[in-house]
Amino acid sequence: MTLPPDVPGRPLPGNPTSNQYVRVPDPTMAAYADEFLAGVEDLPTYRPTIGCVIPAYNEAETIAGVLDSLLAQTRLPDVIHVIVNNTTDDTVEVAGYYAGEHVRMTRNGEQMTEIFVHDIGKNADKKVGALNYGYSLVEGYDYLLGVDGDTTPEPDAVEELVNEIASDDRIGGISAIYSIDDSALDGPMAKFLIAGQRAQFSAFNMQNLLRGRNMAVLGGQFSIFATRALRDVLEDSHQRTPWVKDSEVEDSLLSLQIKSAGYLTKISAAARAHVGGMTTLRSLDAQQVKWNFGAIDLMWPGQRGDTPGQPLHPNLRLRWFEHISMVINITTRLMFLTLLLGSLSINAFVFSPWWLVPPAAAILLNFRVARSMYYGNRRDYLFALLLAPAEVYMWIRIGHFLRSWTKFASRAQTDNWAAQAKAERGAGQGYLAPLAVLLVILAVLAAIWLQIPIDAKSDILAVGWPVLGIITILQTGWMMTKVLRRYKGFKA
């Protein structure tokens, strides 16, 4: 390069007469560059703000653990609002012990958060009302972190969630990976039910992780939302509040609305949280019926209430798959049970070793699910390998599924939130209805079977067993594809 005469420089090496010069660094400019770079490094970077909302209903036994786990985070929320509603225990007193400012030294330096406890008393909208009350307090923040009153996150969960959602403006919300802590359980029934729920959660999480981490439901247990996405939902849906009481599954509906507003709904690849599980048949039935009923309401075409069904919504594809799979599970099990009893009644059953293949495939799939758990333990593996626990739990889930569809088809106006609260208090017998119905159906079929001539019985069995065989082959093939599917390093 040719430099003007007044520009400091020197001739090219080996050619002193050349007019080609190289620039000689100016010492004063070099010092200024170092000073400039040091100043840039010292400039403050923008820190997204997080408002945490915890709806709490009779959470006196768990709220302290939730607040302790939030205060132990590597990234503290900027503010934490505990919204106590309809409570009849000491939730307010326990949470009130934590009210005020908290300063913590973390690996990211000193951080501060402030905890507020709000007792809003009687609240007809229950959890939905508490969430919307909390939203009104934090809508000016960048993100809303929703936490259930019995959910304890891992120490880096908030940091992982905020880093992920802040990295992509297209993301409207991210859910943590949920599991259930089974370290302090009493009684074989509680241990059995929690093992089943852990497997159920793990399978659901993995399905979402493998679908491009697109999350069908941003569960209220531990999810972070961009408040700009919530504001867009309000505008698009003509709502005053993000959560509405029209749906039994307020988190599923909001997830659909966020997706419809043009945002992504994701599941985190790293943030993990432990949620409260149901330890009795009664409470598990009430929870699962509420969830299934709400999902059906969203899936069903047409207008059943204030919220229209959206059967083709992309966030509901996994729901449709789950319900279709459940129908197939019901069909194969009921057919096998009735055909087996019918064959035994006329001494026509012939055992074939091929019938061991479907149970073997089921064990392999259950084992794969257990292997995918980040916190998998001996009880999870026993639940998978013994087969009987997983099979019994499947029959329990079938009962929940049929109860949900029956309630939906009956158009009965029932408060499933109240039903769940009642069941958790140990009241209600609805969970026994599926067993009673099954026994009645088997009794009716047995009575009809006894009236059928022997030739007709043989014809029915001759047709029924091959049909069941074809369905079972297809189902077994599908299970094996899931067994062989790569998990891409994900852990549920």
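Below is a summary of the structure that appears in this document.

Considerations on the overall build of the protein
Move 1: From N to C terminus, the protein includes 16 helices and eleven strands.
Move 2: Counting all 492 residues of the protein, 45% fall into the buried class.
Move 3: As presented, the protein carries roughly 25,000 Å² of accessible surface, and 61% of it is formed by carbon and sulfur atoms.

Examining the nonpolar core
Move 1: Among the nonpolar cores identified, the biggest contains 66 residues, and Ile54, Leu67, Val82, Leu145 and Phe222 are the most heavily contacted of them.
Move 2: In terms of residue count, the dominant contributor to this core is strand E9 (residues 171–180) (six residues).
Move 3: When neighbours within four sequence positions are excluded, isoleucine 54 is seen to be in contact with Ile63, Val66, Leu67, Leu70, Ile80, His81, Val82, Ile83, Val147, Asp148 and Gly149.
Move 4: Core analysis: the next-biggest nonpolar cluster, separate from the first, contains twelve residues, Ala195, Met278, Tyr393 and Ile396 among them.

So, the pattern of salt bridges
Close approach of charged atoms lets side chains of opposite charge pair.
Move 1: Per the counting criterion, the structure on display carries 15 salt bridges.
Move 2: Among the ionic pairs, aspartate 169 bridges to arginine 228, the shortest N-O distance being 3.9 Å. Within this pair, whereas aspartate 169 is found in the loop between helix H5 (157–166) and E9, its partner arginine 228 is found in helix H7 (residues 227–237), the two being separated by 59 residues in sequence.
Move 3: Of the charged contacts in the structure, one is a salt bridge between arginine 319 and glutamate 322, with a shortest N-O distance of 3.9 Å. Of the two residues, arginine 319 and glutamate 322 both sit in helix H10 (residues 317–345), three residues apart, roughly one turn of that helix.
Move 4: Look at the salt bridges and you will find they share partners, linking Asp182, Arg198, Arg379 and Asp380 into a network.

Re the environment of aspartate 186
Move 1: Here aspartate 186 shows up in the loop between E9 and helix H6 (188–209).
Move 2: For aspartate 186, a relative accessible area of 71% gives the class exposed.
Move 3: Along the backbone, aspartate 186 and threonine 279 are 93 residues apart, and their C-alpha atoms lie at a distance of 9.1 Å.

Focus: the sheet that holds strand E8 (residues 152–153)
Move 1: Taking strand neighbours across the sheet as the criterion, the nine strands line up as E5-E6-E4-E3-E7-E10-E9-E11-E8 in an open arrangement whose pairing is mixed. Each edge of the open sheet carries a strand with a single partner, namely strand E5 (100–106) and E8.
Move 2: In the sheet, E5 pairs with strand E6 (residues 109–119) via seven bridges, with the strands oriented antiparallel. Following the sheet pairing, valine 103 is matched in E6 by methionine 112.
Move 3: Together, strand E3 (50–56), strand E4 (79–84), E6 and strand E7 (143–147) form the strand contacts of helix H4 (residues 126–138), whose direction differs from that of E3 by roughly 155°.

A word on the packing of aromatic side chains
Here a ring pair, both rings aromatic, is described through the centre-centre distance and the interplanar angle of the planes.
Move 1: Using the criterion set out here, one finds 17 aromatic pairs in the structure.
Move 2: Between phenylalanine 192 and tyrosine 393, the ring centres sit 6.3 Å apart and the planes meet at 80°, which makes this aromatic pair edge-to-face. With phenylalanine 192 in helix H6 and tyrosine 393 in helix H13 (residues 388–410), this residue pair connects regions lying 201 residues apart in the sequence. Pair check on accessibility: phenylalanine 192 and tyrosine 393 agree, each one buried.
Move 3: Their ring planes at 80° and their centres at 6.1 Å tell us that phenylalanine 336 and tryptophan 465 sit as a pair that is edge-to-face. A residue pair is termed long-range when its members are at least 10 positions apart, and phenylalanine 336 in helix H10 and tryptophan 465 in helix H16 (residues 454–484) qualify at 129 residues.
Move 4: Of the residues examined, phenylalanine 336 reaches a relative accessible area of 33% and is grouped as partly exposed.
Move 5: Owing to a relative accessible area of 17%, tryptophan 465 belongs among the buried residues under this scheme.
Move 6: The ring of tyrosine 487 carries arginine 368 above its face, with NZ or CZ at 3.9 Å from the centroid.

Quick notes on a nonpolar patch on the surface
Move 1: There is a patch of nonpolar side chains on the surface, built from Val437, Val440, Ile441, Val444, Leu445 and Ile448 and spanning about 500 Å² of accessible area.
Move 2: Examined against the element boundaries, isoleucine 441 turns out to sit in helix H15 (residues 433–451).
Move 3: By relative accessible area, isoleucine 441 is classed as partly exposed at 42%.

A closer look at the pairing of E7
Move 1: Among the five residues of E7, five are classified as buried, and the element is accordingly described as predominantly covered.
Move 2: The alternating pattern of E7 places Tyr143, Leu145 and Val147 on one face and Leu144 and Gly146 on the opposite face, and all of these are buried.
Move 3: As judged from the four bridges shared by E3 and E7, these two strands associate in the parallel manner. Residue valine 53 lies in a different strand from E7, and its bridge partner there is glycine 146.

The rules behind each value
Residues numbered from 1 in each chain as written. Predicted model: local features only at pLDDT ≥ 70, side-chain atom pairs only at ≥ 80, totals over all residues. Heavy atoms only, no water. Helix = DSSP H or I, 4+ residues; strand = E, 2+ residues; numbered from the N terminus. Buried < 20%, exposed > 50% of the residue type's maximum accessible area, 1.4 Å probe, protein only. Areas by Shrake-Rupley, 256 points an atom, 1.4 Å probe, with all protein chains shown as cover. Core = buried A, V, L, I, M, F, W, Y, C linked by side-chain atoms within 4.5 Å. Contact = heavy atoms within 4.5 Å. Salt bridge = Lys/Arg side-chain N within 4 Å of Asp/Glu carboxyl O. Pairing = 2+ DSSP bridges. Axes fitted to C-alpha atoms, helices over the stretch in contact; angles between N-to-C directions. Phe/Tyr/Trp six-rings, centres within 6.5 Å; stacked < 30°, edge-to-face > 60°. Lys NZ or Arg CZ within 6 Å of the ring centre and 35° of its normal. Patch = residues over 30% accessible without salt bridge, like charges linked within 9 Å, V, L, I, M, F, W, Y side chains within 5 Å.

These figures come from the coordinates and say nothing about function on their own.
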